[in-house]
Amino acid sequence: MSETPETPEPQQPRIGVDEWVASAEERRRQGLGTRIEDAFGRTPPVVKLLALVIPFAVYPLFVDSEYLMQVGIDTLIFVLLALGLNVAVGWVGLLDLGFVAFFGLGAYLYAAVASEYAGRHWEAQFAIPLIAIAVAAVGFVVGLPSRRLVGDYLAIVTLFFLQLWLVILVNASFTRGPNGISDIYPLEFFGRQVTSLDGYFYVALIAFVLIISFLYLLNQSRTGRAWRAVREDELASELMTMPVNRLKLLAFAVGAGVAGIAGAIFAPVQGAVFPASFDLVLLITVYAMVVLGGAGNLLGVTVGAVLINASLEALRDANNASWLFFSVIVIALLMLVRPRWLPVAILAGTVAFGLVVHEVAEQLRPSLVEGATFGGTRIDELAEQWVLLPEGAIGPDGLPAGALARLAYLGLVAAVLGLTLVRSRLWRSIGVVPVLYLAACVWENLLLAQPAVARFVLIGAMLVALMAYRPQGLFGRQRVEIV
Amino acid sequence: MRKGMIAVALAVLASAAVVTAAVAKPSATATPAQVATCTNVSLGFLGPLTGPAGFLGQEQISWLKFGVQKYNKENGTRFALVEGDTQLKAPVALTVGRKLASNSKVLAVIGGSESQAVRVTGNLFERTSLANVSGSATAVDLTKGRPYRSFFRVVPNDGVQGPQILNFVSTNLKAKNVVVIDSQDDYSLPLASAITRGLRAKGVTVSRESVSADDTDFSSIVANVGSNVNVVVFATQVATAANTLSNQLREQGKRATVFGTDGAYSPSQFKPRNGHVSIFAPDLHFDPKAAKIIGEYRKFVKKDTSGAFGPATYQAGWVAMSAIRKACADGRTNRVEVTKLVRSSTTPSIIGAPTRFDAKGDLRGGGQFTIYRITNGKYSPVR
Amino acid sequence: MDWDKLVQLIVNGLTLGSVYALVALGFSMVYGILKLLNLAHGDVLMVGAFIGWGVLGWLGGAQDPSVAVWLLIVLMVLVAMVGCGFLGVAIERFAYRPLRRAPRIAPLISALGVSFFIQNSVLLLFGANFRSYEAIDLVDVEVGIHWGPLNVWILRVVVFASAAAMMIGLWILVTRTKLGKAMRATAFDREAAAMMGIDVDRVIVKTFFIGSALAGAAGVLVGLVFGQINHFMGFNYGLKGFTAAVVGGIGSIPGAMFGGLFIGLAEAFSVGYIEDFTRGRLGSAFSDLVVFLILVLFMLLRPQGIFGKPDVKKV
């Protein structure tokens, strides 16, 4: 008998388990990211909530400037808005483009019950819940067209509703028109007025805790599961006898109610409300927060709101903006590009490339490097020796004085888009170097001259990039649409 | 569900505990800093540097920078400028206002440029005794009732503009039939209402129209303008809109000419064949006596695209800087002292009589708007 | 009966309507093929207006043009059409194509991002100041048709005529050429068209090019007639254009044309007569409200619009 080579015993196939999927799962489970995710999933929600709340709660102890307190309060209000928008957009998949109108309605309703103009001062423990209910009711009404409309049409109807709201605000006499309503009375709880910024911060924090707990419980309940079913496949849900229309209306109402509460806190903090505060820019900012954080994920949208509001503040003027810009680039490179040595090589290459170009330009055409940077950080001082800063490219009003800056900007957009089309990894990595340098030049020259506008440009670009490459945002779950 | 309940209860208890602790803590307001000498002092600017009215804010800050440089050179001071961009949005104005107020080097703020910014920051600045001197916030309600005790303006308010316009329209232009248009914002609506009321009181027939601030087509409004209308008073902050309106009036063969309020003032953009415009401070470019300072300004910027907004802000800055310098000289370099000195100051002015303030922060005596007649795009002041 | 006013309002309505029709066409075509609402379409119009303004400045400006006026206008429109066509293609390629298989809400959010990006880029590059075509200097406002109660500036006639010409051209393209047939097939059933050998991706690209080119032309026409352009103007035209597309029947080309004119006239009449109608309670500020109500009414009562076919969902 010839010796047959020993073949290993084939493993007994496990019942009900796909071998390939199971082995892939095993490998995935070893990864660090997944281990954190699992540990996270195992912690009880109370602990998660405390972990989220504690950094906020101690924030005022570390901060003593009114400006930073105001930023903190604004951040919390944005978090509330993001949580509210998350209900309709994240959990049910409805595109609500009129969301900031509910925010404005809440603010104006508060002004209607607690201001010198209205001549009365309701205590907040009555005012805020009533406002929440009233705004929720309006949300219900606005959602009514959704029964007959596909998602896209609903978006436009809600957008029109926002326009309508603004027209009414500006023209109806009882809203005092564009003058807005000033002299809004502070919040008063059981006879004690909230007069300090710290107090408002804690009021907003309490509202946050209550609302996020409420939303969490709602999500865990049957309603939450029904919402998710509607989002995944509306037709199937309807066949499963879920009251789809009622669920959609409920989502609109809940989201609106949350926005109303945010508005009711916003109004006394500001002391005045104006129609122009509730515009499309605010809407798209909240959308960016929800999308970045992960639509459908409570923790995600909270983190998204904090990140974006903090970035917006940092990018408000040229004094601190460069820190944010360059560190985001570096972090993005380090996180997105594998293997680990490649981003380092790219960064080193960019620096070298820049220095070479700067030298060459200085020799050939000195006017190209003679300008001064707009930025006020140490990075900008260093960058002055590294990027091309043509003299007179930007006028004293911050606008491009000639074609050079505009062409550079358009060139950068084209280059970035073109890079996404390059297939070969090698060429892409090489191409990133001059594009990064060009980006730094455009930043120092043009974007720093108008940081307030530049940050919105970056948000728009971020939104497009997110939807194309990572629509689930930071914390969301990847969804696959079965067509 | 049960675990959830416990979670909520614990959360509420925890936050309640934190709140009681917090409410007991005194609030953190910025205390006016004691600056020993005049070498570490800044002027703040609060106005729209980007956004819809950005070009106006840019003009203002350009003249302000020019003024700061000139003052420093002439007086040996080293004042710096801190910019605050409100983007014409109230919440932004509040945040930026707080930022300026928290900056202990800032002893006075030039602005808010727009009345809306003053409304949100008025109480804040008053609390910290931070003098805010504006060169363009002309809304009447800012000094009515209980005024902000640290707000001052070097230009007359709209309460002066309205009557001046309606008097000119009814008396000089002898109009019997007028259309008044507003642009649905906090600037134009009160002005339009005041002018309408005043004209009707004088027996002039007035009809009211309204456009949105970013409308670019007025053809249908013009169709509503009768052929016997003499003047269309347009309260707007967009000069090109006034220009389009007057063109479309001509296109449809109407005899009415446009009278633009001060927001429409722009020799480069509002160039009707026939029209008028009013402005809160005379445009120095048309004043031969101001040739010297215009020349100096033109050496400061490469291209002079300014109108009348800049010089008023320059004047506001001059008032503030003079007060700060006096405070330093008296040895009391703090915000309270600066505000007191601004209130009692008399400062020579490039835009008219020496600047003095009344008890509410307005110009003493009310001040006067300047009206320009425009013929074929050329501006000439009306005496 | 104030005939002067009525005639004038009709003229205004037709001018506005031509612009809205051009915008509505772009919406309709894209929706027909991709079932996607291109929320960034209005901003393409805005970019077209700025391109036209740039060409105007490059060729000497309105005061001193270096070529004949009619040639100047033709050049402005052509350059804007080409530029915006490519812009539309880029938007499709980078913002919509990656999301073909994504949930319906994704391309809409991407469109919001694109719109925001384009608006703020223009703001960054050109500032917030309204820019003016100063077309009055090119062709004085009194040059035109003056016949009885009719006072029409020649440029308004140009707008209406060019819009009509473009729409006729499009109609011929869609009904008589091979590309048009491919577009109609793709709109009817994308998968079947692909199986029939039609290169669906290229058809989509060409659709976007044409739709955006029309919007670009509309932008230049808007600048010529209404004089001022700014970075935010696209929003309003986009919204009204979308309303026109829905009212006319989204996906239908004659529908878009008709819808545009209808909405233009509705807007002109509402501004002109709303005060008389409501006895002074509502001012001309509420004319937008009228358009909104028309949209909502159509959406609730006849969502397929005037020329559209009811959308039947097959399970």
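Residues numbered from 1 in each chain as written. Chains lettered and ligands numbered in written order. Predicted model: local features only at pLDDT ≥ 70, side-chain atom pairs only at ≥ 80, totals over all residues. Heavy atoms only, no water.

Describing the overall build of chain C
Operational definition: A run of H or I in DSSP counts as a helix once it spans at least four residues, and a run of E counts as a strand once it spans at least two, with each numbered from the N terminus. In this setup the radius of gyration rests on C-alpha atoms only. A globule is expected at 2.2 Å times the number of residues raised to 0.38. Only protein chains enter the accessibility calculation, which uses a 1.4 Å probe; a residue is then buried when its area is under 20% of its type maximum, exposed when over 50%, and partly exposed in between. The contact definition used throughout considers only heavy atoms, calling two residues in contact when any of these lie within 4.5 Å.
On a plain count of helices and strands, chain C comes out with 12 helices and 4 strands. The C-alpha atoms of chain C give a radius of gyration of 20 Å, which matches the 20 Å a tight globule of 315 residues would have. With the principal axes as the frame, chain C shows a C-alpha extent of 60 × 50 × 40 Å. Taking all 315 residues of chain C together, the buried fraction comes to 59%. Within chain C, contacts between residues at least 6 apart in sequence are counted, and of these 77% link residues at least 24 apart.

Overview of the pattern of salt bridges
A side chain with one charge can pair with a side chain of the opposite charge if their charged atoms come near. All names here are of chain B. Note the threshold: Salt-bridge detection follows one rule: a side-chain nitrogen of Lys or Arg within 4 Å of a carboxyl oxygen of Asp or Glu.
The tally for this structure, following the rule as stated, stands at 24 salt bridges over all chains. The shortest N-O distance in the salt bridge between Lys65 and Glu83 comes to 3.4 Å. In this pair, Lys65 sits in helix α2 (residues 54-75) while Glu83 sits in strand β2 (residues 80-85), placing the two residues 18 residues apart along the sequence. The class of Lys65 is partly exposed, set by a relative accessible area of 33%. Among the charged side chains, a salt-bridge network with shared partners connects Lys70, Glu74, Lys292 and Glu296.

Comments concerning the side chain of Thr75 of chain A
Residues and elements named next belong to chain A. Put simply, the rule is: Polar contact criterion, stated in full: a pair of N or O atoms within 3.5 Å, where within protein one must be able to donate a hydrogen and the other to accept it, and residues adjacent in sequence count only if both atoms are side-chain atoms.
On the secondary structure map, Thr75 appears in helix α4 (residues 66-91). A polar contact is formed between the side chain of Thr75 and the backbone oxygen of Val71, at a distance of 2.7 Å. Once you skip the residues sitting within four places of it in the chain, Thr75 turns out to touch Val306 and Asn309.

Quick look at the nonpolar core
When a protein is soluble and globular, its nonpolar side chains tend to lie buried together. Heads up, the condition is: Think of a nonpolar core as a cluster: buried Ala, Val, Leu, Ile, Met, Phe, Trp, Tyr and Cys residues, connected wherever their side-chain atoms sit within 4.5 Å. Domain segmentation is taken from an automatic or database assignment of domains.
Counting 264 residues, the largest nonpolar core has Tyr110 and Phe208 of chain A as the members making the most contacts within it. A total of 16 residues in this core trace back to one element, the largest contributor, which is helix α9 (residues 200-226) of chain C. Counting the residues that make up this core, at least three belong to each of domain 2 (44-316) and domain 3 (322-449) of chain A. The contacts of Tyr110 of chain A, once residues within four sequence positions are left out, are Ala127, Ile131, Ile184, Tyr185, Pro186, Leu187, Ala264, Ala267 and Pro268 of chain A.

Re a positive patch on the surface
Residue and element names in this part refer to chain A. This is how it is decided: Here a patch means residues that are over 30% exposed by relative accessible area and free of salt bridges, tied together within 9 Å if like-charged and within 5 Å if nonpolar (Val, Leu, Ile, Met, Phe, Trp, Tyr). Only the protein chains shown count as cover for residues, with accessible areas throughout obtained via the Shrake-Rupley method and a probe of 1.4 Å. His is not counted here, nor are the chain ends, while Lys and Arg score as positive and Asp and Glu score as negative. Lysine's charge is taken at NZ, arginine's at CZ, aspartate's at CG and glutamate's at CD.
On the surface, Arg222, Arg225, Arg228 and Arg477 cluster together into a patch of positive charge. Relative to the helices and strands, Arg225 resides in helix α9 (residues 222-232). Since its relative accessible area comes to 48%, Arg225 is described here as partly exposed.

A look at the packing of aromatic side chains
Rules: When the centres of two rings from Phe, Tyr and Trp lie within 6.5 Å, Trp using its six-membered ring, the rings pair. Their planes under 30 degrees apart give stacked, over 60 give edge-to-face, and anything left gives tilted. Placement of a positive charge over a ring is assigned whenever Lys NZ or Arg CZ falls within 6 Å of the ring centre and within 35 degrees of the normal to the ring plane.
Evaluation of the coordinates by the stated rule reveals 45 aromatic pairs over all chains. Ring geometry for Phe286 of chain B versus Tyr379 of chain B: centroids 5.9 Å apart, planes at 5°, classification stacked. A residue pair is termed long-range when its members are at least 10 positions apart, and Phe286 of chain B in the loop between β10 (274-279) and α9 (291-300) and Tyr379 of chain B in strand β12 (residues 378-381) qualify at 93 residues. Judged by its relative accessible area of 30%, Phe286 of chain B is partly exposed. An aromatic cluster is defined as three or more aromatic residues linked by ring pairs; in this entry it consists of Trp63, Phe66, Tyr71, Phe79, Tyr297, Phe300, Tyr314 and Trp318 of chain B. Sitting above the plane of the Phe94 of chain C ring, Arg93 of chain C keeps its charged end 5.6 Å from the centroid.

Topic: the packing of helix α11 (residues 244-270) of chain A against helix α3 (residues 90-102) of chain B
Under the convention used in this document: Axis definition: a line fit to C-alpha positions, over the contact stretch in the case of helices; interaxial angles, taken between N-to-C directions, run 0 to 180 degrees. Working definition: roughly parallel below 35 degrees, roughly antiparallel above 145 degrees, roughly perpendicular at 65 to 115 degrees, and oblique for all remaining angles. For any helix crossing, the convention is left-handed if the near helix is rotated counterclockwise from the far helix by under a right angle, and right-handed if that rotation is clockwise. Following the grouping adopted for this structure description, the nonpolar residues are Ala, Val, Leu, Ile, Met, Phe, Trp, Tyr, Cys and Pro, the charged ones are Asp, Glu, Lys and Arg, and the polar ones are all others, Gly among them.
The N-to-C vectors of α11 of chain A and α3 of chain B enclose an angle of 50°; their axes lie 11 Å apart at closest approach. By the angle between their directions, the pair α11 of chain A and α3 of chain B is classed as oblique. Of the two possible hands of crossing, α11 of chain A and α3 of chain B adopt the one that is left-handed. Contacts between α11 of chain A and α3 of chain B involve Phe266, Val269 and Gln270 of chain A on the former and, on the latter, Ala90, Pro91, Leu94 and Arg98 of chain B. When grouped by side-chain class, the residues that make up the contact of α11 of chain A with α3 of chain B number 5 nonpolar, 1 polar and 1 charged.

Comments concerning the interface of chain B and chain C
Quick note on the threshold: Values labelled buried area give the accessible surface lost by two parts on being combined, using a 1.4 Å probe and summing over both.
With 30 residues of chain B in contact, the opposing surface of chain C contributes 30 residues. For the pair chain B and chain C, the summed buried area comes to about 2500 Å², and 46% of that belongs to carbon and sulfur atoms. Inspection of the chain B/chain C interface yields 2 salt bridges. Between the two partners, chain B and chain C, sit 7 residue pairs in polar contact (both at pLDDT 80 or more). Put simply, the parts of the chain that give the side of chain B that touches chain C at least two residues each are β7 (205-210), α7 (219-224) and α8 (239-251) of chain B. When residues of the side of chain B that touches chain C are assigned to their parent elements, the largest contribution, 7 residues, is made by α8 of chain B. Among the residues forming the side of chain B that touches chain C, the class breakdown is 7 nonpolar, 14 polar and 9 charged.

With respect to unusual backbone geometry
A negative phi angle is the norm for most residues apart from glycine, just as the trans form is the norm for most peptide bonds. All names here are of chain B. Each neighbour pair has its own omega, and for Gly111 with Gly112 the value is -5°, a cis peptide bond. Even without being glycine, Asn376 reaches a positive phi, approximately 50°. Within the secondary structure, Asn376 sits in the loop between β11 (370-375) and β12. Taking relative accessible area as the criterion, Asn376 reaches 57% and is therefore assigned exposed.

A few points about the interface of chain A and chain C
Across the boundary between the two partners, chain A contributes 51 residues, which contact 47 residues of chain C. Between chain A and chain C the total buried area reaches about 4800 Å² when both faces are included, carbon and sulfur atoms providing 80% of it. When the buried area of chain A at its contact with chain C is split by residue, Asp152, Tyr153 and Phe160 of chain A rank highest and sum to 15% of it. On inspection of chain A and its partner chain C, the count reaches 0 salt bridges. Taken together, the links from chain A to chain C amount to 3 residue pairs in polar contact (both at pLDDT 80 or more). Listing elements by their share of the side of chain A that touches chain C, those giving two or more residues are α7 (151-171), α12 (280-293), α17 (403-421), α18 (425-447) and α19 (451-469) of chain A. Residue composition of the side of chain A that touches chain C, grouped by class: 40 nonpolar, 6 polar and 5 charged.

Looking at the sheet that holds β2 of chain B
All names here are of chain B. Heads up, the rule is: Note: two strands are recorded as paired if DSSP finds a minimum of 2 bridges between them.
Reading across from one edge, β2-β1-β3-β4-β5 is the order of the 5 strands in this open sheet, with parallel pairing throughout. Lying at the two open borders of the sheet, with one neighbouring strand each, are β2 and β5 (151-153). Strand after strand, the sheet turns through a mean of 25° between neighbouring axes, direction not considered. One ladder, built from 3 bridges, connects strand β4 (residues 131-134) with β5; its direction is parallel. Looking across to β5, one finds that Asn132 is bridged to Phe151. Across the sheet, α3 lies against β1 (42-47), β2 and β3 (106-111), angled at about 175° from β1, the strand it touches most.

As for the sheet that holds β7 of chain B
The strands making up a sheet associate through backbone hydrogen bonding, with each pair oriented either parallel or antiparallel. Residue and element names in this part refer to chain B. Spatial ordering of the open sheet is given by β7-β6-β8-β9-β10-β11-β12, a layout of 7 strands whose pairing is mixed. Whereas interior strands pair on both sides, the edge strands pair on one side only; in this sheet they are β7 and β12. Averaged over neighbouring strand pairs, the angle between their axes works out to 25° when direction is ignored. Each of β6 (177-182), β7 and β8 (231-234) is contacted by helix α6 (residues 188-201), which is oriented at about 165° to β7, the strand it contacts most. Here α8 sits on the sheet and contacts β6, β8 and β9 (257-260); the angle it forms with β8, its principal contact strand, is near 160°.

Let's talk about the environment of Tyr117 of chain A
Residue position: Tyr117 of chain A is located in the loop between β1 (114-115) and β2 (120-121). Along the backbone, Tyr117 of chain A and Ser182 of chain A are 65 residues apart, and their C-alpha atoms lie at a distance of 7.8 Å.

Structural notes on a negative patch on the surface
A contiguous patch of negative charge, built from Glu359, Glu362, Glu370 and Glu391 of chain A, is present on the exposed surface. Counting through the fold element by element, Glu391 of chain A comes out in the loop between α16 (378-383) and α17.

Re the confidence of the model for chain B
All names here are of chain B. Rules: Confidence of the prediction at every residue is given by pLDDT, a number between 0 and 100.
On average, chain B scores 83 in pLDDT, and the residues at 70 or more come to 90%. By mean pLDDT, helix α1 (residues 2-24) is the weakest element of chain B at 43, and β8 is the strongest at 94. Within the model, pLDDT remains below 50 along residues 1-36, and this stretch shows 39 contacts once partners closer than five positions in the same chain are excluded.

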